[in-house]
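Survey of secondary and tertiary structure
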Protein chains: 2
Amino acid sequence: MEENKHVTIYDIAERLNLATSTISRALKDHHTISDKTIKKVKKTAEEMGFVPNTLAAGLRGNKTRTIGVLIPTVTQPFLSSLISGIEITAQKSDYTVIIMQSHDSYEEEVNMAKSLYSNRVSGVICSLAMETRDTAHFNQFSNNNIPLVFVDRVPKGYNTFRVVIDNYTAGYKATKHLIEQGCIRIAHFTAGSELGNLYNERKRGYIEALKDHNIEVEEELIINLNSVTYEDGVKASNHLFDLKPIPDGLFAPGDILAVSAVQTAKKRGVKVPEEFKVIGFNNDPISQIIDPNLSTITHPAEKMGKAAAEIIIKNLKSSKNDDAKEITFLNTEVLARESTQK
Amino acid sequence: MEENKHVTIYDIAERLNLATSTISRALKDHHTISDKTIKKVKKTAEEMGFVPNTLAAGLRGNKTRTIGVLIPTVTQPFLSSLISGIEITAQKSDYTVIIMQSHDSYEEEVNMAKSLYSNRVSGVICSLAMETRDTAHFNQFSNNNIPLVFVDRVPKGYNTFRVVIDNYTAGYKATKHLIEQGCIRIAHFTAGSELGNLYNERKRGYIEALKDHNIEVEEELIINLNSVTYEDGVKASNHLFDLKPIPDGLFAPGDILAVSAVQTAKKRGVKVPEEFKVIGFNNDPISQIIDPNLSTITHPAEKMGKAAAEIIIKNLKSSKNDDAKEITFLNTEVLARESTQK
DNA sequence: TATTTTTACACAACCGATTGCAATTATTGT
DNA sequence: ACAATAATTGCAATCGGTTGTGTAAAAATA
């Protein structure tokens, strides 16, 4: 149990009779240091087990090479894939990732944002909490020139980078797919959230698709959920199956909801897809597990993570204060599987 | 677009005509500072939008209140729940969590460990990569008195904290359950990994359970997988169903594998659970989605995360150099669902 | 009132890497 | 051989909190 104190560049400097500045430069191949010295320093550093202190460097240079990620939770497949993408890209450029969960709480999001700022992250990637209604807590980043990228659940009217899918089009595609499979009375689950209102967009797509195909929009078939959970999905599904006649299709803006509908249908003796076709959203793992396999809309989580991280890194490199905070749209596709088969 | 420079305690000190030391102490309610001053300082800090620089504090105090988490991936349900548990506990005690993924690669694990050390994390929670065969890269933590907790996939013969389940007993229970449900020829999938060999333990439990119930252990029914993936599960399952007669039960040490077996069974016309009963492991979300619902063994991911984080935090508080690195065993249970019904 | 004890705050070093600038040494040209 | 230039390396300040120690003022005690 030896108490190795951390080895610093001072230790190396002493050993080699050089200045710390020389060590510092040698370690990063600065051109003013001779090759001989560089080799010597690196060798000694290696021998002594030197590991640079990120804090010191970060404090001095005011850059930490750290990307803060602020998301509702890590346990949703979409979000953990998002993280994965961020992390892979970050790792390539030698960035570290700090992850914080808001648990969809506004208060926690505010605290976490402050904590990220406190840690002087170089950039921030965020997907908004459900509860969040204003974005003042993100000003500390914008004001200090810390690149900020919102992903998926993004605020309106806030000038930052955004990486999203076109939820309107996706909703349209999903609904159109159901129509093409023969549905004429299509139900829809939705959920209200003002800021990161991707459900509204999907709903808009749903409605437009119906209109374009001359199908009447029935308010009774659009069910507003309190939360996007399995339980609420079951409730809503039961409600649908209580109707007479029941609808013949459902566009659920999430695979969990879709699965809850399929399972509720089974319980109530409704045959999927014969009597009731379902399309979900996200292409979560469960969509391929459930029987019948769930048709769904792809949601390129990992790609979105990569894109977001790349924006941060690129922005940090150029460091020019682009005022143009572009929006990156990633593509989505219909995955036609068993649950919407004719 | 105002360029607010970060507000520091120097700024506050100047404004109030006080020393930075006073500011620093006032902000943390040091007893040598008068209440009046404390209030004044806090108010001003608030007004000026002061956010402490974690780096500076960490550098000086050599403690960052950061917990490093080093795991194979964040996308497995077990691991993302583990993170969730860690994060919840950390947040309560005002710790930050840094997450890094090894992607089951030894090399990456070594790099990530170095990076965590470089970030001077206060503690480390790790679940080993599949590839990892030695633990030398963790010595930097032990040697420097940085608490290290291994979770789930833990190394043998390395004196650190460990939070695990009793894989042997869990394997025994799972197998016993199958026997109780009437199985007499029980197959088992396993996977080889030397260091964090939880599969070996589960297998050991499987074998002992068979022996205790006077059932012959047939090598032919124990299949060694290269990886714990859906694809390899399908292969192995097909292999089982090629046997004559086919086994009547399977203990799969992971729900993905179990699901792959159930789905392969369906494809090949084998009825689950009538002809073939299956029990999985982990209680992943998919276990409740698949039809028939999968019997499984609970794996208290979030609890394990919490336990691990608590160990770190407790250890950091007492800071006494406990040589006793206890092992925390968490409980597992059989969840009997449809896939093993008589 | 004089003296001791508290109370409240200031001073300054410190953590470890970075970097502008000065200084030294080596190299080149004439 | 000597100035001029280039190549190396050293010096010292800096980032922003933290903390041991010193000190002046206020309060308590004699």
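Residues numbered from 1 in each chain as written. Chains lettered and ligands numbered in written order. Predicted model: local features only at pLDDT ≥ 70, side-chain atom pairs only at ≥ 80, totals over all residues. Heavy atoms only, no water.

A closer look at the relation of the copies chain A and chain B
Our working rule: Copy-to-copy alignment: least squares on C-alpha atoms, limited to residues at pLDDT 70 or above in both. Two residues qualify as a contact provided that any one of their heavy atoms is within 4.5 Å of a heavy atom in the partner residue.
Note on the copies: chain A fits chain B at an RMSD of 0.1 Å, the axial shift is 0.0 Å, and the rotation between them is 180°. Both copies are brought into coincidence by an operation consistent with a two-fold rotation axis. Taken together, the interface assignments show that 100% of the residues at the interface of chain A recur at the interface of chain B, consistent with an identical surface on both copies.

Focus on the interface of chain A and chain B
Interfaces are frequently sized by the accessible area removed from exposure as the parts join. Put simply, the test is: Buried area counts how much accessible surface, traced with a 1.4 Å probe, disappears from two parts once they are put together, with both parts' losses summed. By convention in these notes, a salt bridge is any Lys or Arg side-chain nitrogen within 4 Å of a carboxyl oxygen on Asp or Glu. Here a polar contact is recorded for every N or O atom pair within 3.5 Å, except that within protein the pair must consist of a potential hydrogen donor and a potential acceptor, and residues adjacent in sequence are included only if both atoms are side-chain atoms.
Every contact between the two is made by 54 residues of chain A and, on the other side, 54 residues of chain B. Roughly 4,900 Å² is buried in total at the junction of chain A and chain B, and carbon and sulfur atoms are behind 51% of that figure. Together, A:H6, A:L55 and A:I289 form the three largest contributors to the area buried by chain A at its contact with chain B, with a combined 14%. At the junction of chain A and chain B, the tally comes to 2 salt bridges. The partner of B:D291 in a salt bridge is A:K266, and the shortest N-O contact between them spans 3.2 Å. Put simply, chain A and chain B have 16 residue pairs in polar contact (both at pLDDT 80 or more) between them.

Focus: the domain arrangement of chain A
In plain terms, the rule: Where each domain starts and ends follows an automatic or database-derived domain assignment.
Taken domain by domain, chain A holds domain 1 (9-52), domain 2 (63-165 + 302-330) and domain 3 (167-299 + 335-340). For domain 1 of chain A and domain 3 of chain A, the distance between their C-alpha centres works out to 62 Å.

Section: the sheet that holds strand β7 (residues 222-225) of chain A
Residues and elements named next belong to chain A. Operational definition: We call two strands paired when DSSP finds no fewer than two bridges between them. A helix here means a DSSP run of H or I that spans at least four residues, while a strand means a run of E at least two residues long, and both kinds are numbered starting from the N terminus. Interaxial angle, 0 to 180 degrees, is taken between N-to-C directions of lines fitted to C-alpha atoms, where a helix line uses only the stretch in contact.
A sheet is described by the order of its strands in space; here 4 strands give the open sequence β7-β6-β8-β9, paired in parallel fashion. The sheet is open, and its two edges are formed by β7 and β9 (277-279), each paired on a single side. With direction set aside, neighbouring strand axes in the sheet form an average angle of 20°. Bridge analysis of strand β6 (residues 186-191) against strand β8 (residues 249-251) gives 3 bridges, and the strand direction is parallel. Opposite I186, over in β8, you have G249 as the bridge partner.

Details of the packing of helix α5 (residues 77-92) of chain B against helix α13 (residues 301-318) of chain B
A pair of packed helices can be characterised by two numbers: the angle between their axes and the separation between those axes. All names here are of chain B. To be explicit about the condition: The scheme is simple: roughly parallel for angles under 35 degrees, roughly antiparallel for over 145, roughly perpendicular for 65 to 115, oblique for anything else. Two helices cross in a left-handed way if the nearer one is turned anticlockwise from the farther one by less than a right angle. They cross in a right-handed way if the turn is clockwise. Residues were grouped as follows: Ala, Val, Leu, Ile, Met, Phe, Trp, Tyr, Cys and Pro as nonpolar; Asp, Glu, Lys and Arg as charged; and all remaining residues, including Gly, as polar.
Relative orientation of the contacting elements α5 and α13 amounts to 40°, with a least axis distance of 7 Å. In terms of orientation, α5 lies oblique with respect to α13. Our pair here, α5 against α13, has a crossing hand that is right-handed. Mapping the contact onto sequence places F78, S81, L82, S84, G85, I86, I88, T89 and A90 in α5 and A301, E302, M304, G305, K306, A309, E310 and I313 in α13. Its residues assigned to classes, the contact of α5 with α13 shows 9 nonpolar, 5 polar and 3 charged.

Concerning the sheet that holds strand β6 (residues 186-191) of chain B
All names here are of chain B. Pairing within the open sheet is parallel, and its 4 strands lie in the order β7-β6-β8-β9. The sheet is open, and its two borders are formed by β7 (222-225) and β9 (277-279), each paired with just one other strand. In this sheet, neighbouring strand axes are inclined to one another by 20° on average, regardless of whether the strands run parallel or antiparallel. Relative to β6, helix α9 (residues 198-212) is tilted by about 160°, and along the sheet it contacts β6, β7 and β8 (249-251).

Structural notes on the protein's contact with DNA strand C
Formally: Only a single heavy atom is needed: when it lies within 4 Å of a molecule or strand, its residue is near that molecule or strand.
As a structural note, the neighbourhood of DNA strand C is formed by 26 residues, with A:I9, A:K28, A:R60, B:T22 and B:T37 the closest of them. In the environment of DNA strand C, a phosphate oxygen lies 2.8 Å from a nitrogen or oxygen atom belonging to the side chain of A:S24. Broken down by secondary-structure element, the contributors of at least two residues to the surface near DNA strand C are α1 (9-16), α2 (20-27) and α4 (54-61) of chain A together with α2 (20-27) and α4 (54-61) of chain B. Per-element tally for the surface near DNA strand C: the top contributor is α2(A), with 4 residues.

Thoughts on empty space enclosed by the protein
Short version of the rule: Buried and open spaces are told apart on a 1 Å grid over the protein atoms alone, a cavity being a set of points where a 1.4 Å probe fits but cannot get out and a pocket being an open set with protein on both sides within 12 Å along at least five of seven lines. Residues with an atom within 4 Å of a point are the lining residues. Grid points are joined across faces, edges and corners, and a volume is the space filled by probe spheres set on the points.
Counted under the stated rule, the structure contains 2 cavities of 30 Å³ or more. Roughly 140 Å³ of volume is contained in the largest cavity. Together, 13 residues line the largest cavity, and A:L55, A:I98, A:N119, B:L55 and B:N119 are the ones closest to its centre. Residue assignment for the lining of the largest cavity shows that the elements contributing at least two residues are α4 and β2 (96-101) of chain A together with α4 of chain B. For the lining of the largest cavity, the per-class residue count stands at 4 nonpolar, 9 polar and no charged. Looking at the second largest cavity, its volume works out to about 30 Å³. Residue lining of the second largest cavity: A:I184, A:R185, A:I186, A:Y206, A:L210, A:I215, A:E216, A:V217, A:E218 and A:L221, and that is the complete set. Each residue belonging to the lining of the second largest cavity can be placed in one class, and the counts come to 7 nonpolar, no polar and 3 charged.

Observations regarding the side chain of B:S260
Inspection of the secondary structure puts B:S260 in helix α11 (residues 255-267). Aside from chain neighbours lying at most four places away, what touches B:S260 is B:Y230, B:G233, B:V234 and B:S237.

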